[in-house]
Amino acid sequence: MSGRLYVVGLGPGAASMRTPEAEAVLAAADDLVGYGPYVARAPERAGQVRHVSDNREELDRARHALVLAAAGRTVAVCSGGDAGVFAMAAAVFEAVDHGDPAWRALEIEVVAGVSAMFAAAARLGAPLGGDFCAISLSDNLKPWELVVKRLRAAAEAGFAIALYNPLSKARPWQLGAAFEALREVLPCSTPVAFAAAISRPDEAIRVAELGVADPAWADMRTLVLIGAATTRSIERPDGRPWLYTPRSVAEDA
Ligand code: SAH
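Below you will find a few notes about this structure.

Remarks on helix α6 (residues 144-156)
Now for step 1: Helix length check: α6 (13 residues) gives 18 Å between terminal C-alpha atoms against 18 Å at 1.5 Å per residue, within 8%.
Now for step 2: Among the structural elements, β7 (132-136), β8 (160-164) and α7 (174-183) are those in contact with the buried residues of α6.

Here it is as C-alpha cells:
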C-alpha cells in the first residue's frame, strides 16, 4: 500500500481562515507532523498520531514525514499561513531532491493556505494592490548582507514589501537595521504597517510612517508591511487609515 504526503497551510490562525481543502486533509491524515503550535490548531481526531517538533528542525521533520508516507501512512505536514511561503513545502522538496530516490514516486500534494501577507493586507485595505514582494528577515538560512541587498533593490524598484520573521529573541536587531536601510531609499512618509497575530484573539494593528516606525512595535507574530512610493493612506475618523496601492503607476514613478 502506498502512502500520501500532504503539505498543508493552516492559514494565519482562525479556523474560519482555513480552507475546506485543508480541513479535509487534516481530517483524513493518519499522522500530523509539524511545529507544536501549528499541529495544535488541527481539531483532535481519535487514532490520529501527532509528531510535534521544534521550529528549527524543518529538514529532519520533512524527512520524518517522507519516511512515514513511504511506509504507507497518510501524512499531513502542517505549516502556518501558506505552506509554500517560508514554510515546510520547500523543506519537503529539498528532502526529496537530496534524499531516498524512492521518495520521488510518492504521492505528494501541497494544499494552499491564506498567507500572513494576505490576511494582513485584507485588514489594512489593499496595500498589495500593485507589484509587491515578500522578504523574510530571518538570516538563519541566508546571509544578512543579502537580505539588505534585496530590501534596497525591492524598495528602489517600487515594490510594496511584506516582511516576514521581522525579529525574534535570537535576532533582536534585524528589523531596526532593515528600517535604516529602507530610510536611505524611501521617503520618511512611506506608510509602514505592523500587523500582529492576524485573525487570532491577540490581533493588533498599527500604522505609522517609516520615519518614526519603531522596531519595538513588532514581534515574531508580526507581519511588517512597507508601502511602495505609490502606496496611499486614506484617513478615517477612528484614526486607523486604509492603506492601498493603486493599480496604475505613472511612467516616471
Ligand atoms: N508560512 C507562513 C509564514 C511562516 S514565517 C505564512 O504563509 O504566513 C512566520 C512569520 O509569518 C511570522 O514571523 C510573521 O511575520 C508571519 N505571520 C504568521 N502568522 C501571522 C499572523 N497571524 N499575523 C501576522 N503575521 C503572521
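Thoughts on the nonpolar core
Now for step 1: By size, the foremost hydrophobic cluster in this structure holds 23 residues, and its most contacted members are Ile-161, Leu-163, Leu-175, Phe-179, Val-224 and Ile-226.
Now for step 2: No other element matches the five residues that α6 contributes to this core.
Now for step 3: Dropping the residues within four chain positions of it, Ile-161 is found in contact with Cys-133, Ile-135, Leu-151, Ala-154, Ala-155, Leu-182, Val-224, Leu-225 and Ile-226.
Now for step 4: Formed by 19 residues, the second largest nonpolar core is a distinct cluster that contains Val-33, Ala-69, Ala-91 and Trp-103.

What about the packing of helix α3 (residues 58-70) against helix α4 (residues 88-98)?
Now for step 1: One can describe the packing of α3 onto α4 by two numbers: an axis separation of 8 Å at closest approach and a directional angle of 65 degrees. Accordingly, the angle class assigned to the pair α3 and α4 is roughly perpendicular. As α3 runs across α4, the sense of the crossing is right-handed. In contact with Glu-58, Leu-59, Arg-61, Ala-62, Arg-63 and Leu-66 of α3, α4 contributes Met-88, Ala-91, Val-92, Glu-94, Ala-95 and Val-96.
Now for step 2: A per-class count over the contact of α3 with α4 returns eight nonpolar, no polar and four charged.

What about the site of the ligand?
Now for step 1: Near the ligand you find 20 residues, and of these Val-85, Ser-115, Ala-116, Met-220 and Thr-222 are the closest.
Now for step 2: Between Ile-198 and the ligand, the recorded distance is 2.9 Å, taken from a backbone N or O atom to a nitrogen atom.
Now for step 3: A distance of 3.2 Å is found between a nitrogen atom of the ligand and a backbone nitrogen or oxygen belonging to Arg-221.
Now for step 4: Within the complex, 93% of the 550 Å² of free accessible area of the ligand lies under protein.
Now for step 5: Partitioned by chemical class, the residues of the shell around the ligand number 12 nonpolar, five polar and three charged.

What to know about the packing of α6 against α7
A pair of packed helices is captured by two measures, namely the crossing angle of their axes and the spacing between those axes.
Now for step 1: In contact at an axis separation of 9 Å, α6 and α7 are set at 40 degrees when each is read in the N-to-C sense. Here α6 is positioned oblique relative to α7, judged by the angle of their axes. Both α6 and α7 take part in a crossing whose hand is right-handed. Residue-level contacts link Trp-144, Val-148, Leu-151, Arg-152 and Ala-155 of α6 to Gln-174, Ala-177, Ala-178, Ala-181 and Leu-182 of α7.

Re unusual backbone geometry
Now for step 1: Not every positive phi belongs to a glycine, and Asn-165 is a case in point at roughly 50 degrees.
Now for step 2: Counting through the fold element by element, Asn-165 comes out in the loop between β8 and α7.
Now for step 3: Since its relative accessible area comes to 34%, Asn-165 is described here as partly exposed.
Now for step 4: Notably, Ser-199 is not glycine yet its phi reads approximately 75 degrees, a positive angle.

Parameters and conventions
Residues numbered from 1 in each chain as written. Predicted model: local features only at pLDDT ≥ 70, side-chain atom pairs only at ≥ 80, totals over all residues. Heavy atoms only, no water. Helix = DSSP H or I, 4+ residues; strand = E, 2+ residues; numbered from the N terminus. Expected span 1.5 Å × (residues − 1). Contact = heavy atoms within 4.5 Å. Core = buried A, V, L, I, M, F, W, Y, C linked by side-chain atoms within 4.5 Å. Buried < 20%, exposed > 50% of the residue type's maximum accessible area, 1.4 Å probe, protein only. Axes fitted to C-alpha atoms, helices over the stretch in contact; angles between N-to-C directions. Parallel < 35°, antiparallel > 145°, perpendicular 65-115°, else oblique. Left-handed = near helix turned anticlockwise from the far one by under 90°. Nonpolar A, V, L, I, M, F, W, Y, C, P; charged D, E, K, R; others polar. Near = heavy atom within 4 Å. Polar contact = N/O pair within 3.5 Å; in protein donor to acceptor, adjacent residues only side chain to side chain. Areas by Shrake-Rupley, 256 points an atom, 1.4 Å probe, with all protein chains shown as cover.

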